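Inside the fold
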Amino acid sequence: MHSDSSRTGYRFLKETILQDSLPSQSKEPTTRICGVCEPDQVLIPLPTPDAIPLDPVLLWDTLDNRHTIRDYSDDELHKWELSILLHYTQGVREKNGPSHFRTVPSAGALHPFETRIVINRVSGIPPGIYRYLPLDHALVQETCHSGDHLSIAKTCKKPSLVSESAVTFIWTAVPERMIWKFGQRGWRYLFIEAGHICQNLYITATGLHLGICAIGSYNENDIHCILGIDGETEFCIYMASVGKKK
Ligand SMILES: Cc1cc2nc3c(=O)[nH]c(=O)nc-3n(C[C@H](O)[C@H](O)[C@H](O)COP(=O)(O)O)c2cc1C
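Residues numbered from 1 in each chain as written. Predicted model: local features only at pLDDT ≥ 70, side-chain atom pairs only at ≥ 80, totals over all residues. Heavy atoms only, no water.

1. Overview of the overall build of the chain
Secondary structure summary: the chain contains eight helices and nine strands in total. Taking 18 Å as the expected radius of gyration for a compact globule of 246 residues, we find that the chain reaches 18 Å, a close match to that expectation. By its C-alpha atoms, the chain is 50 × 45 × 45 Å across when sized along the principal axes. Here the chain holds 246 residues, and 48% of them are scored as buried. For the chain, the exposed surface amounts to about 12,800 Å²; the carbon and sulfur share of it is 53%. (Helix = DSSP H or I, 4+ residues; strand = E, 2+ residues; numbered from the N terminus. Rg over C-alpha atoms; globule rule 2.2 N^0.38 Å. Buried < 20%, exposed > 50% of the residue type's maximum accessible area, 1.4 Å probe, protein only. Areas by Shrake-Rupley, 256 points an atom, 1.4 Å probe, with all protein chains shown as cover.)

Written as structure tokens, this is what we have:
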């Protein structure tokens, strides 16, 4: 018998246990796979990651130096810094027919996420909410369905994490992109994979000498309203803010 406080967790573990066979109706959904833009959206290209000369950093030093920073300066992020952060969190490193592989692992290489960013201070890109298109390595500006890009900060327990950041990452999951292949077990993979992405952001931001903070305490219903997503077919799974150190 489980206590009330742990019932939800145990139910989740039980209902997502590994099955002997995968779902029989395994047909890949065709909706909005890996950041497809709407016909009326204008692509904002980002600097090509390969062409950006990065200062060498030692991986071991970077891992040792990784820590959370919650206070940011008023300085802008360079567009190339944003390009690198996006590339090493959701960027495509290899295309192989219909499959593509990214800088983070994903069960079945399905990559069930969308990346939106709230831009406050990035050189050459006006403030607003944007979506990252991994296959194009580009951004498109998104419409806020309620409020504006500043409203995202108010959904967080500590609004300054977002309002004072140069850029805040909002990762949303599209469960259908996992469930068609892995059934209920795919739910576990969504949360595991969000962790991979945010850790890559921590490592990359640390390597670039930027400050970063993972954000888990936000009101998802409010975020869903702002982004215009229903919270079921697509829901906010994790956030993180980044800025220059004070
Ligand atoms: C899943 C998760 C959610 C978090 N949510 C928040 C948050 O909402 N607000 C915040 O200030 N820090 C948040 N953090 C950052 C942690 O507080 C931080 O990682 C912890 O204090 C350890 O510090 P370190 O990252 O410097 O090792 C979160 C971290 C994780 C992994």
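There's more to say after this.
2. Describing a nonpolar patch on the surface
Residues Tyr 10, Phe 12, Leu 13 and Phe 191 make up a contiguous nonpolar surface patch of about 370 Å² in total accessible area. Examining the composition of the nonpolar patch, we find that three residues originate from one element, helix 1 (residues 4–15), more than from any other. Residue position: Phe 191 is located in helix 7 (residues 186–207). (Patch = residues over 30% accessible without salt bridge, like charges linked within 9 Å, V, L, I, M, F, W, Y side chains within 5 Å. Salt bridge = Lys/Arg side-chain N within 4 Å of Asp/Glu carboxyl O.)

3. Looking at the site of the ligand
Lining the immediate environment of the ligand, one finds Arg 66, His 67, Thr 68, Arg 70, Leu 161, Cys 213, Ala 214, Ile 215, Gly 216, Ser 217 and Tyr 238. In this structure, an oxygen atom belonging to the ligand sits 2.7 Å away from a side-chain N or O atom of Arg 70. Between Gly 216 and the ligand, the recorded distance is 2.9 Å, taken from a backbone N or O atom to a nitrogen atom. About the coverage of the ligand: the protein hides 53% of its 610 Å² of free accessible area. Looking at the shell around the ligand, the element that brings in the most residues is strand 8 (residues 210–215), giving three residues. Here the shell around the ligand is built from residues that sort into five nonpolar, four polar and two charged. (Near = heavy atom within 4 Å. Polar contact = N/O pair within 3.5 Å; in protein donor to acceptor, adjacent residues only side chain to side chain. Nonpolar A, V, L, I, M, F, W, Y, C, P; charged D, E, K, R; others polar.)

4. Structural notes on the sheet that holds strand 8
Remark on secondary structure: sheet strands pair via backbone hydrogen bonds, oriented parallel or antiparallel. The sheet built from seven strands is open, its strands ordered 1-6-5-4-7-9-8 with antiparallel pairing. Edge positions in the sheet fall to strand 1 (44–45) and strand 8, since each of these pairs with one other strand and no more. Sheet strands in contact with helix 3 (residues 79–90) are strand 1, strand 4 (113–119), strand 5 (128–133), strand 6 (138–141), strand 7 (167–173), strand 8 and strand 9 (235–244), and its direction is about 160 degrees off that of strand 4. Strands in contact with helix 7 are strand 4, strand 7, strand 8 and strand 9; relative to strand 9, the strand with the most contacts, it is inclined by about 5 degrees. (Pairing = 2+ DSSP bridges. Contact = heavy atoms within 4.5 Å. Axes fitted to C-alpha atoms, helices over the stretch in contact; angles between N-to-C directions.)

5. Points about the pattern of salt bridges
For the structure on display, the rule yields eight salt bridges. With a closest N to O distance of 3.1 Å, Lys 244 and Glu 81 form a salt bridge. In this pair, Lys 244 sits in strand 9 while Glu 81 sits in helix 3, placing the two residues 163 residues apart along the sequence. Assigned by exposure class, Lys 244 and Glu 81 land together as buried.

6. Quick word on unusual backbone geometry
A positive phi angle, near 50 degrees, is found at Ala 109, a position not held by glycine. Ala 109 gets classed as partly exposed once you look at its relative accessible area, which sits at 24%. At His 209, a position not held by glycine, the phi torsion is positive, near 60 degrees. With respect to the helices and strands, His 209 occurs in the loop between helix 7 and strand 8.

7. Thoughts on helix 7
In an α-helix, one full turn covers 3.6 residues, which means residues spaced three or four apart are oriented alike. In this model, helix 7 (22 residues) spans 32 Å end to end at C-alpha, consistent with the 32 Å of a helix rising 1.5 Å per residue. Immediately beyond the C-terminal end of helix 7, within one or two residues, lies His 209, with a positive phi of roughly 60 degrees. (Expected span 1.5 Å × (residues − 1).)

8. Some points on the nonpolar core
Within the largest apolar cluster, 40 residues are counted, with the highest numbers of intra-cluster contacts made by Leu 82, Leu 139 and Phe 169. Counting only elements with at least two residues in this core, the list comes to helix 3, strand 4, strand 5, strand 7, helix 6 (176–182), helix 7, strand 8 and strand 9. The element that contributes the greatest number of residues to this core is helix 7, accounting for eight residues. In contact with Leu 139, not counting residues within four places along its chain, are Val 42, Leu 43, Ile 44, Leu 46, Leu 82, Leu 86, Ile 117, Ile 119, Ile 125, Tyr 130, Arg 131 and Tyr 132. Judged by nonpolar contacts, the second largest core, of 19 residues, contains Val 118, Ala 153, Leu 161 and Ile 215. (Core = buried A, V, L, I, M, F, W, Y, C linked by side-chain atoms within 4.5 Å.)

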